[in-house]
Amino acid sequence: MNIRKLMNETLVANNGEMSRGLKNQLNMMPIIFDHSLEEKLDILKKEGISAYSYCGLRLLEFNVNHLETVLNDNRAKIENYRANPQELVRDLRAKEIQEYGSSLETDMLGGM
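Residues numbered from 1 in each chain as written. Predicted model: local features only at pLDDT ≥ 70, side-chain atom pairs only at ≥ 80, totals over all residues. Heavy atoms only, no water.

Draft legend 1. Structural detail: the packing of helix 3 (residues 37–47) against helix 5 (residues 64–73). One way to put it is that helix 3 packs onto helix 5 with a least axis distance of 10 Å and a crossing angle of 15 degrees. Considering their axes alone, helix 3 and helix 5 lie roughly parallel with respect to each other. The element helix 3 and its partner helix 5 pack so that their crossing is left-handed. Facing Glu39, Lys40, Ile43, Leu44 and Glu47 of helix 3, the residues of helix 5 in contact are Val64, Leu67, Glu68 and Leu71. Here the contact of helix 3 with helix 5 is composed, by residue class, of five nonpolar, no polar and four charged. (Axes fitted to C-alpha atoms, helices over the stretch in contact; angles between N-to-C directions. Helix = DSSP H or I, 4+ residues; strand = E, 2+ residues; numbered from the N terminus. Parallel < 35°, antiparallel > 145°, perpendicular 65-115°, else oblique. Left-handed = near helix turned anticlockwise from the far one by under 90°. Contact = heavy atoms within 4.5 Å. Nonpolar A, V, L, I, M, F, W, Y, C, P; charged D, E, K, R; others polar.)

Draft legend 2. Local environment of helix 5. Regarding helix 5, the residues found buried are Val64, His66, Leu67, Val70 and Leu71. Across the axial projection of helix 5, the buried residues extend over an arc of 160 degrees, all falling on one side. Exposed and oriented more than 90 degrees from the buried face of helix 5 are Asn72 and Asp73. For helix 5, the elements touching its buried residues are helix 3, helix 6 (78–83) and helix 7 (85–100). (Buried < 20%, exposed > 50% of the residue type's maximum accessible area, 1.4 Å probe, protein only. Arc of directions from axis to C-beta.)

Draft legend 3. Quick peek at helix 7. Over its 16 residues, helix 7 runs 22 Å from end to end, which matches the ideal 22 Å to within 8%, given 1.5 Å per residue. Three or more residues of helix 7 are buried, namely Pro85, Gln86, Leu88, Val89, Asp91, Leu92, Arg93, Lys95 and Ile97. Packed against the buried residues of helix 7 are helix 3, helix 4 (54–59), helix 5 and helix 6. Of the residues flanking the end of helix 7, it is Gly101, one or two places downstream, whose phi is positive at about 85 degrees. (Expected span 1.5 Å × (residues − 1).)

Draft legend 4. Up close: the packing of helix 5 against helix 7. Look at helix 5 against helix 7: their axes get within 10 Å of each other, and the N-to-C directions meet at 115 degrees. Classed by the angle they form, the pair helix 5 and helix 7 counts as roughly perpendicular. Judged by the sense of rotation from one axis to the other, the crossing of helix 5 with helix 7 is right-handed. Side by side, helix 5 and helix 7 meet where His66, Leu67, Thr69, Val70 and Leu71 of the first sit next to Leu88, Asp91, Leu92, Lys95, Glu96, Glu99 and Tyr100 of the second. The residue inventory of the contact of helix 5 with helix 7, partitioned by class, reads six nonpolar, two polar and four charged.

Draft legend 5. Geometry of the nonpolar core. Ranked by internal contacts, the top residues of the largest apolar core, which has 20 residues, are Leu44, Leu71 and Leu88. Elements with a minimum of two residues in this core: helix 2 (20–32), helix 3, helix 5, helix 6 and helix 7. Sequence-distant contacts of Leu88, that is, excluding residues within four places in its chain, are made with Leu44, Ile49, Leu59, Leu67, Val70, Leu71 and Tyr81. (Core = buried A, V, L, I, M, F, W, Y, C linked by side-chain atoms within 4.5 Å.)

Laid out in structure tokens, this is it:
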């Protein structure tokens, strides 16, 4: 069964509603097909940050250049990142905003 059929049948079965869990899983699909996935995993492994949790998987959504830059710029926070990958997610979102711009406040990021 392809992903489009799965989504359509889920929507029909649930009267147009899709569970949060399925939405989260579908949002992760582009990560799997990203050509830089192995490189991102290698970077995180080298730093001792696990990508094998919900927050860890969220790290894989980011651009590999942003990941490297944030880790290099925030060497003092590496222990915090290892203990709580959500902190790294917040810093990566802030880096994205800095580079691409956003209407959201930086302190609102990471918990979205």
